[in-house]
Amino acid sequence: MRPNALRRALCAVAALAAAVGAVQLSAVAGAGAAVADPAATVNTLIGSANSGETFPGADTPFGMVQWSPENTRGDQTRTPQPGGYDYNVTRTRGFSLTHMSGTGCAGGAGDVPFLPYPATVSSSPSSDSTDATYASSFAHANETGTAGYYRVGLDSGVDVELSATTRTGAGRFTYPAGKTASLLVRTSNSEVGSSAATTTVDTANRVVSGSVTSGNFCGYINTEDRRSYYTLYFYAAFDKPFASTGTWQDGTLSPGSTSSSGGTTYGTSGWPPAGRGSGAYVSFDTSTGAAVGMRVGVSYVSLANAKANLDAENPAGTAFDTVRTRAHDAWNAELNRVAITGGTSAQQGTFYTALYHSLLHPNVFSDTNGQYRGMDQQVHAVAGAQRAQYANFSGWDVYRDQVQLVTLLRPDVGADIAQSLLNQASQNNGVWDRWTHNQGGTHVMTGDPGHAAVASIYAFGGTTFDAPGALTSMVHAATTVTAADLSRTGWNVMVVGERPSLDKYLSIGYVPSDGNAWGGAGETLEDVSADFGIAQLAGRLGDSTNAAQFLGRAQNWKNVFNPGTGYIQQRNSAGAWQSFDPASSDGFAEGSAAQYTWMVPFNVNGLFAKMGGAATAAARLDGFFHNSDGSWALSNAGGTKSDLSNEPSIGTPWLYDFAGQPYKTQQTVRQVVNTLWSNGPGGIPGQDDLGAMSAWYVFAAIGLYPLAPGRGELLLGSPLFGQVAIHRGNGATITINGTGAATNAPYIQSAKLNGATTTRPWLPESVLAAGGTVDLTLGTTANTAWGSAAADAPPSFDSAPPASANLALNKPATADSSCNANEGPAKAVNGSVSGGTSDKWCSTGASKWWRVDLGANATVRTVTIRHAGAGGESAAWNTRDYDVQASTDGTTWTTIVQARGNTASVTTHGVNVSARYLRLNVIAAEQSGTGGAARIYEFEAYG
């Protein structure tokens, strides 16, 4: 997320050495092994210089605690970057407990900084407005950041070590001999201030505890977010007795005091004024050793819960090194889900650090007892299948790829994130806020990304949440105009409406230039992706009415495509096209018309048709990625060129797969990987946006990318490594073998999927459920023929076809058997599910199969199957495991769909095959997998 008020010039990082010259270790050739300790390859300083805005501190996957430095340029009211840290600024004023990675806006937490200070506290730290006294410089030579551990040797002489559990931090501060060992607890000094803070020192129990009330994310840009919406409670216990105590409030120091209160306020401009705030300090008796151990628990519910979290995860007596080892192991448990073989050490470090950054957010928000504070500011508890509530959702950024990556690896976490978003909406009067911070809605950026994200989570296998409830809520939000939708409050960065100018969108089919959104044309593109997500979730849940309605609405992008210019363009509510410059950001958030025009991922074929066909579109892509002299134009090259450092452009390199030129996807993606990314501090080309950019790199390096919101197909690039094994949380494994990867060869020469030769530059959804093996032979010269046929193109989704377009409708059908005479194979192609529970094909045969004769060879692009739940029977009887096969002669069959673990009442599969016959082989008829009847209410095939 990069609001224009904060936009800085983004630097392209030359890092060819980090991505070329790899030594082949491909398991395909029987040599080498997967990286054994991926956590050890992580360098948390990657992305901490220039524009990445990452933080280097200690955390665990999706952890509530991120203990990391707060650097200073000499202004106590500012951090040098959102996230608190800038590699180029080597002075720190403390180490705070909460952070977000690459947010663009300041205000991403930075709660409760602790500063070990080797001297007597003699003045109020709030009076130190230039951080001249209560801060220390350091050198990077004395700094280490890796997965779950951060260390820095301060020039003050204090050695700082930090680690974490999910809800707690562990610190070890080693003080120089002969110096007073003091520690400042700067309770009120969240990144952009606080409205309240309390601190209490309990000398008898060696505890400092308290709370800070804050918020103000992007509040300096617009008054709408200049408010508090969360309170963080902390409970810090120490292993050394206190030798002295004291507190301060504003400019007043109170030696010997044990309590203080007072926030900084947010000033008159959204920045805390200098000299305000409160906190406490203690000094330690270090007669028994120079190292002071600290354990700190946090909670957004209560102080009691903060202590309970500490007792549960990091109890008294737990050694710092034990916490550090457990954090390292926790990261290995997640990072090992993507096992890579081959590549240089630099490539491995870049890859696993990107995966690490992808798994930092959203953050666990519920306590060990299941409680969390909701967006209604009331205390709730997780229930049902949900194991944890998650917070911090950078919607506009992460819906494109990060939630898909998380769910690819951890369907259970993805499902909990989806449930968390629904919980937030339910507690927020039905509003799905697009950028949520802790339990507050900030409204930042554009579109309605929660709807796209939830649908993608479901498509990627994160199904154990209240999906019907989510669909009902999403449909209501997308069809019900609220007062906020009619308001311009918060314009432009944080427009308050979930769907600004929804009234206009519903009446004229687009968001006009004279509406309330931050750019009408761009808002329309965001809204249609959200609508497509709703359509896909509805279809998977058997709601054909909403599936058709929202698929139709998703085509509203056509209403802002100007055939006269060939671009997505602003038009007013009367329909008139506005003045136009393809390089201009007028009508778009953080991008230009040239960059946004490609952003129709679910109907690329339709977009290409508008442009004049695939060949014309491919030529336009060539110009988009290159300067007139043929050199690459990948970032910071102007509004008519791509910007692979920001989200509107990151899907475009994959569009060549639709244009019959997949070798250019392979070439372009590899060029971005090789030149814009590296394993140094400047190694992320743009703000990381809570893992959205890092998730792009992970997908790019393994040679895959999500097709579109709400879909589970994967577009193919080419892997950077000899072998990638993705171990999904559902038990499936996806293996990508890249023979020739060691020579930095980006071009696919040939491919096989599960042993069968394929020329399709995409993988079907069935690979997500069942796993599979992709064998790629790579070369340094493009194979322009591979994947070039129109039939090879990935699926696109235009308006729902009418019933007459169903190629299987009323065609001859046969099957292995029927449960009853009135449940024969013809019932599955009669165009109806309304004839009662016998309006189906049913079989209890030992080998359950059904097939249809389309009458002649035809191109089939979509297969829809309506299972038991679609006909009103128990969803527990929905077909769990099945294959769909195609044949031109009824003898030789090719498997085009492999579905495993299905629970949906309606399944839709994008395919691209010429066939006369289609056959359904039922492998496991019901969810229990113990037998039962196959029940198919309708089998549909569309061209």
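Residues numbered from 1 in each chain as written. Predicted model: local features only at pLDDT ≥ 70, side-chain atom pairs only at ≥ 80, totals over all residues. Heavy atoms only, no water.

**So, the overall build of the chain**
Along the chain, the regular secondary structure elements total 18 helices and 43 strands. Here the C-alpha radius of gyration of the chain, 28 Å, is about what a compact globule of 943 residues would show, namely 30 Å. Residues counted as buried form 64% of the 943 residues belonging to the chain. For the chain, the proportion of contacts with a sequence separation of at least 24, taken over those separated by at least 6, is 72%. Accessible surface, the chain as shown: approximately 27,400 Å² in total, 50% of it carbon and sulfur. (Helix = DSSP H or I, 4+ residues; strand = E, 2+ residues; numbered from the N terminus. Rg over C-alpha atoms; globule rule 2.2 N^0.38 Å. Buried < 20%, exposed > 50% of the residue type's maximum accessible area, 1.4 Å probe, protein only. Contact = heavy atoms within 4.5 Å. Areas by Shrake-Rupley, 256 points an atom, 1.4 Å probe, with all protein chains shown as cover.)

**Quick word on the state of the cysteines**
Taken as a whole and assessed by the stated rule, the structure comprises two disulfides. What pairs with cysteine 105 in a disulfide is cysteine 218, and their sulfur atoms sit 1.8 Å apart. In this structure, the disulfide formed by cysteine 105 and cysteine 218 twists by about 120° around the S-S bond and is classed as right-handed. With a gap of 113 residues between them, cysteine 105 in the loop between strand S3 (91-96) and strand S4 (114-117) and cysteine 218 in the loop between strand S11 (207-215) and strand S12 (228-238) connect regions that are remote in the sequence. The two residues cysteine 105 and cysteine 218 agree in class, both being buried. Residue pairing for cysteine 819: its cysteine sulfur links by disulfide to cysteine 842, the two sulfurs lying 2.0 Å apart. Note on the cysteine 819 and cysteine 842 pair: the S-S dihedral is about -65°, so by sign convention the disulfide is left-handed. Note that cysteine 819 is positioned in the loop between strand S36 (813-815) and strand S37 (841-843) and cysteine 842 in strand S37, a separation of 23 residues in sequence. Overall, cysteine 819 belongs to the partly exposed group, its relative accessible area being 25%. (Disulfide = S-S within 2.5 Å.)

**Re the packing of aromatic side chains**
Taken as a whole, this structure holds 30 aromatic pairs when the rule is applied. Clustering of aromatic rings is evident, with ring pairs tying together Trp67, Phe114, Phe173 and Phe234. Looking at arginine 571, its charged tip hangs above the ring of tryptophan 577, at a distance of 4.3 Å from the centre. (Phe/Tyr/Trp six-rings, centres within 6.5 Å; stacked < 30°, edge-to-face > 60°. Lys NZ or Arg CZ within 6 Å of the ring centre and 35° of its normal.)

**Let's talk about the packing of helix H4 (residues 345-358) against helix H17 (residues 692-702)**
One way to put it is that H4 packs onto H17 with a least axis distance of 8 Å and a crossing angle of 135°. By the angle between their directions, the pair H4 and H17 is classed as oblique. As for the relative orientation of H4 and H17, their crossing is left-handed in sense. Counting all contacts with H4, which are made through Gln347, Thr350, Phe351, Ala354, Leu355, His357 and Ser358, the residues of H17 involved are Ser694, Ala695, Tyr697, Val698, Ala701 and Ile702. (Axes fitted to C-alpha atoms, helices over the stretch in contact; angles between N-to-C directions. Parallel < 35°, antiparallel > 145°, perpendicular 65-115°, else oblique. Left-handed = near helix turned anticlockwise from the far one by under 90°.)

**Let's talk about the nonpolar core**
Formed by 206 residues in total, the largest nonpolar core has its most connected members in Trp67, Phe114, Phe351 and Trp696. Tallying contributions element by element places H17 first for this core, with ten residues. Once residues within four sequence positions are removed from consideration, tryptophan 696 is found in contact with Asp401, Leu644, Ile650, Trp654, Val669, Val672, Val673, Trp677 and Tyr705. Listed in part, the 28 residues of the second largest apolar core include Val829, Trp850, Leu854 and Val884. (Core = buried A, V, L, I, M, F, W, Y, C linked by side-chain atoms within 4.5 Å.)

**Description of a nonpolar patch on the surface**
On the surface, Val481, Leu486 and Leu506 cluster together into a nonpolar patch covering about 240 Å² of accessible area. Tracing the chain through its elements places valine 481 in the loop between helix H9 (467-479) and helix H10 (502-508). (Patch = residues over 30% accessible without salt bridge, like charges linked within 9 Å, V, L, I, M, F, W, Y side chains within 5 Å. Salt bridge = Lys/Arg side-chain N within 4 Å of Asp/Glu carboxyl O.)

**With respect to the packing of helix H16 (residues 662-675) against H17**
For the pair H16 and H17, the least separation of the axes is 10 Å and the interaxial angle reads 125°. In terms of orientation, H16 lies oblique with respect to H17. Considering how the two elements wind past one another, H16 and H17 form a crossing that is left-handed. Residues Val669, Val672 and Val673 of H16 pack against Trp696, Tyr697 and Ala700 of H17. Counted by class, the contact of H16 with H17 contains six nonpolar, no polar and no charged residues. (Nonpolar A, V, L, I, M, F, W, Y, C, P; charged D, E, K, R; others polar.)

**Regarding the sheet that holds strand S30 (residues 723-727)**
Pairing between the strands of a sheet is mediated by backbone hydrogen bonds and can be parallel or antiparallel. The sheet built from six strands is open, its strands ordered S18-S30-S31-S35-S32-S33 with mixed pairing. Across the chains shown, the open sheet's two edge strands, defined by having one partner strand only, are strand S18 (338-341) and strand S33 (756-757). Relative to strand S35 (residues 772-779), strand S32 (residues 747-753) runs antiparallel, the two sharing six bridges. Across the sheet, the residue bridging to alanine 751 is leucine 776, located in S35. (Pairing = 2+ DSSP bridges.)

**Looking at unusual backbone geometry**
Residue proline 362 follows histidine 361 across a cis peptide bond; omega there is -10°. Within the secondary structure layout, proline 362 lies in the loop between H4 and strand S19 (363-364). A cis geometry characterises the amide bond from tryptophan 491 onward to asparagine 492, with omega recorded as 10°. Take asparagine 492: it is sitting in the loop between H9 and H10. Positive phi is not limited to glycine here, since asparagine 744 has a value of about 55°. When you line up the elements, asparagine 744 lands in the loop between strand S31 (733-739) and S32. Residue classification places asparagine 744 among the buried residues on the basis of a relative accessible area of 18%. For asparagine 810, which is not glycine, the phi dihedral falls at a positive 60°. By secondary structure assignment, the location of asparagine 810 is in the loop between S35 and S36.

**Remarks on the side chain of histidine 909**
Looking at the secondary structure, you find histidine 909 in strand S41 (residues 906-924). Overall, histidine 909 belongs to the buried group, its relative accessible area being 8%. In this view, histidine 909 contacts Arg711, Glu765, Arg861, Thr862, Val863, Tyr882, Val897 and Ala899; residues no more than four positions away in its chain are not counted.

**Side note on the side chain of glutamine 661**
Here glutamine 661 shows up in the loop between helix H15 (614-625) and H16. A polar contact of 2.8 Å, which involves the side chain of glutamine 661, links it to the side chain of lysine 664. Setting aside residues no more than four positions away along its own chain, glutamine 661 makes contact with Ala618 and Tyr656. (Polar contact = N/O pair within 3.5 Å; in protein donor to acceptor, adjacent residues only side chain to side chain.)

**Notes on the confidence of the model for the chain**
Looking at the chain, the pLDDT average stands at 94 and 96% of residues meet or exceed 70. Throughout residues 3-31 the model reports pLDDT below 50, and contacts reaching past four residues in sequence, or to other chains, amount to 79 contacts. (pLDDT = per-residue confidence, 0-100.)

**Side note on the sheet that holds strand S25 (residues 440-441)**
What the three strands build is an open sheet, ordered S23-S24-S25; its pairing is antiparallel. Either end of the sheet is taken by a strand with one partner, and the two such strands are strand S23 (393-394) and S25. Pairing between strand S24 (residues 435-437) and S25: two bridges, direction antiparallel. What sits directly across from histidine 437, in S25, is glycine 440.

**Section: the pattern of salt bridges**
Applying the stated rule across the entire model yields 31 salt bridges. Put simply, arginine 400 and glutamate 526 hold a salt bridge, and the shortest N to O gap is 3.2 Å. Here glutamate 526 lies in helix H11 (residues 520-540) and arginine 400 lies in the loop between helix H5 (395-398) and helix H6 (402-409), a separation of 126 residues in the sequence. In this structure, arginine 400 and glutamate 526 share a single accessibility class: buried.

**Let's talk about the environment of alanine 886**
With respect to the helices and strands, the residue alanine 886 is situated in strand S39 (residues 881-887). Given a relative accessible area of 4%, alanine 886 falls into the buried group. Setting aside its immediate chain neighbours within four residues, alanine 886 contacts Thr892, Trp893, Thr894, Ile896, Val913, Ala915, Tyr917 and Leu918.

**Here's the deal with helix H2 (residues 303-313)**
Two residues of an α-helix separated by three or four positions point the same way, owing to the 3.6 residues in each turn. Listed as buried for H2 are Asn305, Ala306, Asn309, Leu310 and Glu313. Viewed end-on, H2 has its buried residues packed into an arc of 145°, placing them on one side of the element. Turned more than 90 degrees away from the buried face of H2 sit Ala304 and Ala312, all of them exposed. Next to the buried residues of H2 lie strand S8 (168-174), S12, strand S17 (291-299) and strand S20 (371-373). (Arc of directions from axis to C-beta.)

**Brief notes about H9**
The end-to-end C-alpha separation of H9 is 18 Å, in line with the 18 Å expected for 13 residues at 1.5 Å each. What H9 keeps buried is the set Ala467, Ala470, Leu471, Ser473, Met474, Val475, Ala477 and Ala478. For H9, the secondary structure elements touched by its buried residues are helix H7 (411-427), helix H8 (449-459), H10, H11 and helix H12 (544-554). Put simply, aspartate 466 is the residue that caps the front of H9, since its side-chain oxygen is 2.9 Å from the backbone nitrogen of glycine 469. (Expected span 1.5 Å × (residues − 1).)

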